[in-house]
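Each chain is listed here by its residues.
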Amino acid sequence: MTFDRARFIRACGLSELEEDTPKRVELDGTPVSVVHTEGEVYAIHDICSHANVSLSEGEVEDCQIECWLHGSAFDLRTGKPSGLPATRPVPVYPVKIEGDDVLVSLSQES
């Protein structure tokens, strides 16, 4: 599935997002963390690849979201972990903004 043909689902309103504060949403049964940081909006799978915990409960800094349990941080653009204990990336998803709507496609970018 290509980016242009991907089905986008409304995740939340842009006005609902606080800078650097993750918002957990569930899209078609998939937990997603939506983050507005550094002028962009990102969508990343909300479950840490190391432990079964919600990334949206962690902190955002330098375009990374940190798992609150063990401290692994994941790049919001690629899903790749920046350090141990996580070694596997988490999926990131395409985002579109239409008016105040944040739309996310569950087709993975990475």
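Being a predicted model, the structure only gives us computed values, none of them experimental. (Residues numbered from 1 in each chain as written. Predicted model: local features only at pLDDT ≥ 70, side-chain atom pairs only at ≥ 80, totals over all residues. Heavy atoms only, no water.)

Turning next to unusual backbone geometry. That bond from leucine 84 to proline 85 is cis: its omega, 10°, falls within 30 degrees of zero. For proline 85, the location among the structural elements is in the loop between β7 (73-75) and β8 (92-93). Backbone geometry places aspartate 20, a non-glycine residue, at a positive phi of 60°. Of the residues examined, aspartate 20 reaches a relative accessible area of 34% and is grouped as partly exposed. (Helix = DSSP H or I, 4+ residues; strand = E, 2+ residues; numbered from the N terminus. Buried < 20%, exposed > 50% of the residue type's maximum accessible area, 1.4 Å probe, protein only.)

Taken as a whole, this structure holds 7 salt bridges when the rule is applied. In this structure, the salt-bridge partner of arginine 77 is aspartate 75, at a minimum N-O distance of 2.9 Å. According to the relative accessible area criterion, aspartate 75 is buried, its value standing at 16%. Here lysine 96 and glutamate 98 are joined by a salt bridge, their closest N and O atoms 3.7 Å apart. By relative accessible area, which is 45% here, glutamate 98 ends up partly exposed. One connected set of salt bridges, linked through shared partners, spans Arg10, Glu16, Lys23 and Asp101. (Salt bridge = Lys/Arg side-chain N within 4 Å of Asp/Glu carboxyl O.)

This part is about the sheet that holds strand β5 (residues 60-61). If you walk across this open sheet you meet the 3 strands as β5-β6-β7, and the pairing is antiparallel. This sheet does not close on itself; its edge strands, each paired only once, are β5 and β7. Here β5 runs beside strand β6 (residues 64-66); their pairing, made up of 2 bridges, is antiparallel. Directly across from valine 60, in β6, lies its bridge partner isoleucine 65. (Pairing = 2+ DSSP bridges.)

Here we take up the side chain of histidine 45. As for its position among the elements, histidine 45 is in strand β4 (residues 40-45). Within the structure, histidine 45 has its side chain in polar contact with the side chain of tyrosine 93 (distance 3.1 Å). Here histidine 45 is in contact with Thr30, Pro31, Leu55, Val90, Pro91 and Tyr93, once residues within four sequence places are set aside. (Polar contact = N/O pair within 3.5 Å; in protein donor to acceptor, adjacent residues only side chain to side chain. Contact = heavy atoms within 4.5 Å.)

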